[in-house]
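Listed below, chain by chain, are the residues.
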Amino acid sequence: MSEKQSTIPYLLLTLALTIFAIAPLTYPGYFQTHAGFTALWAVDNLRENLFNLRWTPPLTGFDALRSGGILPYYLAALLPLPPLAAMKTVSALGVLAGASGLYLWLKSWLGAKGATVAALAYTYAPFLTATLLVRGAFGESFFWGVLPWALLAATYLVASPTLPVMAIAVVFWTALGLSHLGLGVWAWVVLVFMQVGFHRPQSRPPIAMSAIGLAVAAAITVPRALASAAPKLPVPADHLVYPAQLLAPFWGFGISVPGWQDGLTFSVGFAAIALALVSIYIWKNGDDPRPWFFIGVAGSALALVLPWTRRLWQLPLVRDSLAYPWQLLGFAALGLAVLAGIGFWLEPKLNRTPIFAAALLMVLIPAYPHLEPNFITSKIPPRPVAIYGDNQLLLIDYRFEIKNPAEQMDALHPVKPYLPLKDAAALQPGDTFYLTVHWQAVNPPQKSLKIFGHLVDGAGNIITQIDVLPQNGDRPTDGWLPGELIADRYTFTLPADAPAPAQVWLGFYDGDTLARLPVAGDDNGRAKLSIQ
């Protein structure tokens, strides 16, 4: 079989086996991520500002190095699809790009089967899955899809430093920087070590073209960051990972917090580690130095996220490159994936069909339980009703209701417990009605806040009011997760001599200081909800 004939079937097999990673993106509805609906609103907003050269995603702020890049938003905005379908499509393309790019990059070295195993080990790395399906970090997720192609283009420059290949390399490294500039800088460091280590006489073109690509991305990104509000970012040194977390089977949807009790998974994956160890055992007496490099990539990435590097992450250049140190785990996934495929290059017996199939199953089966995101069944609004604080809390939707006076006859004829207020008779003194809302946190407050609701008449006079904790204290605001939808219901009863109610003024305040969270468009920290 010719080289081309052996390449295409296994490339198609690699792409076919990414179906499990892409499947969650094909389900109806949206999945709950830490980003919430902000990415979808950003796509919609970009379509209205497509020619604004200073555009950045609204609500979240933008940092040139540490924020997710703008490329996925532009790709989604250009697709003739609704924002949700467009962002899912771009994310699926990123997954396919990562698998195919790593396969094509490694095929000439590891052979078709070794490259297939490596590509799938990379695709199903738990950390990369969580980046997309749990964190909703679309720019960062797309970065890991583009990275193998950027490395492939740089590798081609070693043997063919022609102008067309140089241009292609610049394009891919620009795309890498526009997906996540901070990670792009770290990727460039990896590339420099790889080129100097293996291709010292021919290393200048790849290093130069990749640097030019990142410089172009920086020229596009930095002015936008300067014109944008600074995002609320964590202190990287507070978010280092303990060794046990790298091996833990835990899979969570929570957020990263200082200490060891993170709600987010940092596992590098059982299959990749096991296959990498097999490869290292086979190679241990070999003369080829290339495995050393990928052991170094994986080992360095893992070492840099551990607590002993705290002082390093306090240095300005390192601290300001990433929001979290554990974002480097994607490079560990890359190094381990390459090591997982090296055994198939070193030992011909591993290429036998039963062993090759067992290796693929070894990658796919442990990853399968992690491919079920938390889905959101409620309707996605085109924009938030109100924005509280410094883009901290969002009022997603609201409705006024009354209790259904009808009685349920039997299980076969159920009735809704609440009816829309607009479908009921006009409110009378003594009547009770309800305000049902959905909240979503972008940057949850560090303190438990109370909610006030002022029922006012047409002149703005308070008729009655409520002061409550969310869900009667069961879900305090300091426990809300980014992107989580919090449903709540507030009860208002009209006094006997009440005038006709016109609005409910809804907001948050600190129970100790009585200071209100500001609301965009209102100087008094209120979202004004008309009763209808």
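Residues numbered from 1 in each chain as written. Predicted model: local features only at pLDDT ≥ 70, side-chain atom pairs only at ≥ 80, totals over all residues. Heavy atoms only, no water.

### Quick notes on helix H9 (residues 181-198)
- Helix length check: H9, at 18 residues, gives a terminal C-alpha distance of 25 Å against a target of 26 Å (1.5 Å per residue), a fit within 8%.
- Here H9 has its buried residues at Leu181, Gly182, Leu183, Gly184, Trp186, Ala187, Val190, Leu191, Met194 and Gln195. (Helix = DSSP H or I, 4+ residues; strand = E, 2+ residues; numbered from the N terminus. Expected span 1.5 Å × (residues − 1). Buried < 20%, exposed > 50% of the residue type's maximum accessible area, 1.4 Å probe, protein only.)

### Looking at helix H4 (residues 71-78)
- Across the eight residues of H4, six count as buried, placing the element largely inside the fold.
- What H4 keeps buried is the set Leu71, Pro72, Tyr73, Tyr74, Ala76 and Ala77.
- Taken together, the buried residues of H4 touch helix H3 (38-48), helix H5 (83-123), helix H7 (138-159), helix H8 (163-179) and helix H10 (204-227). (Contact = heavy atoms within 4.5 Å.)

### Examining the packing of aromatic side chains
- Under the defined criterion, the tally for this structure stands at 32 aromatic pairs.
- Ring geometry for Tyr30 and Phe37: centres 6.0 Å apart, planes at 35°, overall tilted. For the pair Tyr30 and Phe37, one class covers both residues: buried.
- Measuring from ring centre to ring centre gives 6.2 Å for Phe127 and Trp326, while their planes differ by 75°; the resulting arrangement is edge-to-face. Residue Phe127 is found in helix H6 (residues 126-133), and its partner Trp326 is found in the loop between helix H14 (316-319) and helix H15 (329-346); the two are separated by 199 residues along the sequence. This pair shows no difference in class: Phe127 is buried, exactly as Trp326 is. (Phe/Tyr/Trp six-rings, centres within 6.5 Å; stacked < 30°, edge-to-face > 60°.)

### Focus on the sheet that holds strand E7 (residues 450-457)
- Read from one edge of the open sheet, four strands run E8-E7-E10-E11, paired in antiparallel fashion. One side of each edge strand has no neighbouring strand; the edge strands of this open sheet are strand E8 (462-468) and strand E11 (527-530). For this sheet, the mean angle separating the axes of adjacent strands, direction not counted, is 20°.
- By the bridge criterion, six bridges tie E7 to E8 in an arrangement that is antiparallel. Residue pairing across strands places Val456 opposite Ile462, the latter belonging to E8. (Pairing = 2+ DSSP bridges. Axes fitted to C-alpha atoms, helices over the stretch in contact; angles between N-to-C directions.)

### What to know about the pattern of salt bridges
- Throughout the structure, instances matching the rule amount to ten salt bridges.
- Of the charged contacts in the structure, one is a salt bridge between Asp288 and Arg290, with a shortest N-O distance of 2.8 Å.
- We classify Arg290 as partly exposed; its relative accessible area is 28%.
- Of the charged contacts, one joins Asp522 and Lys528 as a salt bridge, the two residues approaching to 4.0 Å between their closest N and O atoms.
- Taking relative accessible area as the criterion, Asp522 reaches 13% and is therefore assigned buried.
- Judged by relative accessible area, which is 43%, Lys528 ranks as partly exposed.
- One salt-bridge network, held together by shared partners, links Arg399, Glu401 and Arg489. (Salt bridge = Lys/Arg side-chain N within 4 Å of Asp/Glu carboxyl O.)

### Focus: the nonpolar core
- Counting 126 residues, the largest nonpolar core has Leu102, Trp105, Leu106, Trp144, Leu147, Trp173 and Phe331 as the members making the most contacts within it.
- Top contributing element to this core by residue count: H5, with 20 residues.
- If we ignore the near neighbours within four places in the chain, the residues touching Leu106 are Gly111, Ala115, Ala118 and Val338.
- Counting 31 residues, the second-largest nonpolar core is a separate cluster that includes Phe400, Leu435, Ile466 and Leu529. (Core = buried A, V, L, I, M, F, W, Y, C linked by side-chain atoms within 4.5 Å.)

### Quick notes on the confidence of the model for the protein chain
- Residues at a pLDDT of 70 or more form 97% of the protein chain, whose mean pLDDT is 91.
- A low-confidence stretch, residues 1-5 (pLDDT under 50), is modelled with two contacts involving residues beyond four sequence positions or located in other chains. (pLDDT = per-residue confidence, 0-100.)

### What to know about empty space enclosed by the protein
- Summed over the entire model, instances satisfying the criterion amount to one cavity of 30 Å³ or more.
- Estimates place the volume of the largest cavity at around 220 Å³.
- Lining of the largest cavity is provided by 17 residues; of these, Val95, Thr123, Leu128, Thr129 and Ser141 occupy positions nearest its centre.
- Broken down by element, the lining of the largest cavity gets its largest block of residues, six residues, from H5. (1 Å grid on protein atoms, 1.4 Å probe; cavity = no way out; pocket = protein on both sides within 12 Å on 5 of 7 lines; lining within 4 Å. Points joined across faces, edges and corners; volume = space filled by probe spheres on them.)

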